[in-house]
Amino acid sequence: MNRPEALLAMSHATYRTQFGPAERARLAELATLGEPVQVASLDEPAARERLAGVEVLLTSWGAPPLTAEILDAAPNLRAVIHCAGTVRPLVTDAVWDRNLLVTNAVDANAVPVAEFTFAAIIMAGKRAPFLAARARTARDDWSLSGFGDLSNQGRTIGIVGFSRTGRRVVDRLAALETREVLVSDPYADRDEVKAAGARLTDLDEVLAASDITSLHAPALPSTRHLIGARELALMPDGATLINTARGMVVDTAALEAECETGRLFAVLDVTDPEPLPADSVLYDLPNVMITPHIAGSLGTETRRMTAAALDELERYVRGEAPVSPVTRESLETSA
């Protein structure tokens, strides 16, 4: 088995988190490693010396953009295997001009996001985050009035974006006795959505008919403020909006205005900007729950992405096609 020369480019903290003894041992079996094995910058002399002979670059959070200057220093580079989600901050036109193989671990990262989202849907059905917020101040009032139907049975759940994460959420919703699961995605196949147990329709119907709407659209120019004032107004009174995708998908000012009325609930793991300004009303509203972008892979969960990247490296070594290739064209519609 040919063992290509490989270099890891990522922050030191990321390397320590994603590569334990087992991951380092598997990497050493698949590739030839020099010194240093991992670098946080590709501008330093030691990194440039390594780049001269590197065939495979394994990247993750903290990797620098692969500019034409950097790629010129890596004449033997053939593949960029990303051990994290989107490669948008990493790739440049120079990467595509060199016809480099690029892969990512988005599929592995979708697992914890789907888990978090499913939990958020269940908690939203019971209004748990919002009842908990009220309990902090109204400690002598445990009445449930004003919170509507506290149930996860018979709910209509909307999924905006039949992405890797969106599909996994739909799969998990089979465990609930929902009334219906609706999906909005201009690129989704109707039969695939149906086979997953949902119905493909347009965004307006998803928003208007759903008790809980969960966003899973990628960050694209076409999805900026996909959910604005008009779209929020379509949501029924007491509905919940969950965003574990990208903050820019939602018009923050419109969401602030709508939530301030108390008409809607929101569970936000991502915001725009991130973090929100300290004076945003969303922080203090009892009908809004904000978490600091924790749905995606953290801690030991990141090793799942490492394993996926090493699987891609093994396929590369064996001359097999990658499972999660990224192309210039695919970035137009996905992460």
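Quick caveat: nothing in here was measured; it's all calculated off a predicted structure. (Residues numbered from 1 in each chain as written. Predicted model: local features only at pLDDT ≥ 70, side-chain atom pairs only at ≥ 80, totals over all residues. Heavy atoms only, no water.)

A. Quick look at the packing of helix α2 (residues 21-30) against helix α13 (residues 302-317). Running from N to C, α2 and α13 point in directions that differ by 10 degrees, and their axes come no closer than 10 Å. When the interaxial angle is binned, α2 and α13 end up roughly parallel. Contacts between α2 and α13 involve Glu 23, Arg 26, Leu 27 and Leu 30 from the former and Arg 303, Thr 306, Ala 307, Leu 310, Asp 311, Leu 313, Glu 314 and Val 317 from the latter. Looking at the contact of α2 with α13 residue by residue, the class counts come to six nonpolar, one polar and five charged. (Axes fitted to C-alpha atoms, helices over the stretch in contact; angles between N-to-C directions. Helix = DSSP H or I, 4+ residues; strand = E, 2+ residues; numbered from the N terminus. Parallel < 35°, antiparallel > 145°, perpendicular 65-115°, else oblique. Contact = heavy atoms within 4.5 Å. Nonpolar A, V, L, I, M, F, W, Y, C, P; charged D, E, K, R; others polar.)

B. Fine view of the sheet that holds strand β3 (residues 56-59). Taken together, five strands build an open sheet; the order of strands is β2-β1-β3-β4-β5 and the sheet is parallel. Either end of the sheet is taken by a strand with one partner, and the two such strands are β2 (32-39) and β5 (101-103). Adjacent strand axes in the sheet meet at a mean angle of 15 degrees, parallel and antiparallel pairs treated alike. Most of the contacts of α13 go to strand β4 (residues 79-82), to which it runs at about 155 degrees, and overall it touches β3, β4 and β5. (Pairing = 2+ DSSP bridges.)

C. Local environment of the environment of Leu 200. Residue placement: Leu 200 occurs in strand β8 (residues 199-200). By relative accessible area, Leu 200 is classed as buried at 11%. Spatially, the C-alpha atom of Leu 200 lies 9.5 Å from that of Ile 159, the residues being 41 residues apart in sequence. Beyond its immediate chain neighbours, meaning those up to four positions away, Leu 200 contacts Val 183, Ser 184, Asp 185, Ala 188, Asp 189, Arg 190 and Val 193. (Buried < 20%, exposed > 50% of the residue type's maximum accessible area, 1.4 Å probe, protein only.)

D. Region of interest: the nonpolar core. Core analysis: the biggest nonpolar cluster contains 26 residues, and Leu 42, Leu 51, Leu 57, Leu 66, Leu 77, Val 95 and Val 102 have the highest contact counts within it. Mapped by element, the contributors of at least two residues to this core are β1 (5-9), α3 (45-51), α4 (68-72) and α5 (93-97). Not counting chain neighbours up to four residues away, the residues in contact with Leu 57 comprise Leu 7, Ala 9, Leu 42, Leu 51, Leu 66, Leu 77, Ala 79, Val 80 and Ile 81. With 25 residues, the next largest nonpolar core counts Ala 114, Phe 147, Phe 162 and Val 169 among its residues. (Core = buried A, V, L, I, M, F, W, Y, C linked by side-chain atoms within 4.5 Å.)

E. Region of interest: the side chain of Thr 213. Its place among the elements puts Thr 213 in strand β9 (residues 212-215). For Thr 213, the residues in contact, after removing those within four places along its chain, are Gly 158, Val 160, Val 206, Leu 207, Met 235, Thr 240, Leu 241 and Ile 242.

F. How the structure looks around helix α7 (residues 128-137). For α7, the set of buried residues is Pro 129, Phe 130, Leu 131 and Arg 134. Looking at the buried side of α7, the elements it contacts are α6 (106-125), β11 (265-268) and β12 (288-290).

G. Region of interest: the pattern of salt bridges. The tally for this structure, following the rule as stated, stands at 20 salt bridges. One salt bridge connects Asp 93 with Arg 328, and the closest N-O pair in it is separated by 3.4 Å. Here the residue Asp 93 occupies a position in helix α5, and Arg 328 occupies one in the segment after α13, the gap between them amounting to 235 residues. We note a salt bridge from Glu 231 to Arg 230, for which the minimum N-O separation is 3.3 Å. Note on Glu 231: relative accessible area 12%, which makes it buried. You can call Arg 230 partly exposed: its relative accessible area is 47%. Ionic contacts of the salt-bridge type, sharing partners, join the residues Arg 26, Asp 311, Glu 314 and Arg 318 into one network. (Salt bridge = Lys/Arg side-chain N within 4 Å of Asp/Glu carboxyl O.)

H. Main features of α13. In this model α13 runs 23 Å from its N-terminal to its C-terminal C-alpha over 16 residues, within 8% of the 22 Å that 1.5 Å per residue would give. Inspection of α13 places Thr 302, Met 305, Thr 306, Ala 309, Leu 310, Glu 312, Leu 313 and Val 317 among the buried residues, and these make up the whole buried set. Seen from one end, α13 has its buried residues packed into an arc of 155 degrees, which puts them on one side. At its buried positions, α13 is contacted by α1 (12-18), α2, β3, β4, β5 and α6. (Expected span 1.5 Å × (residues − 1). Arc of directions from axis to C-beta.)

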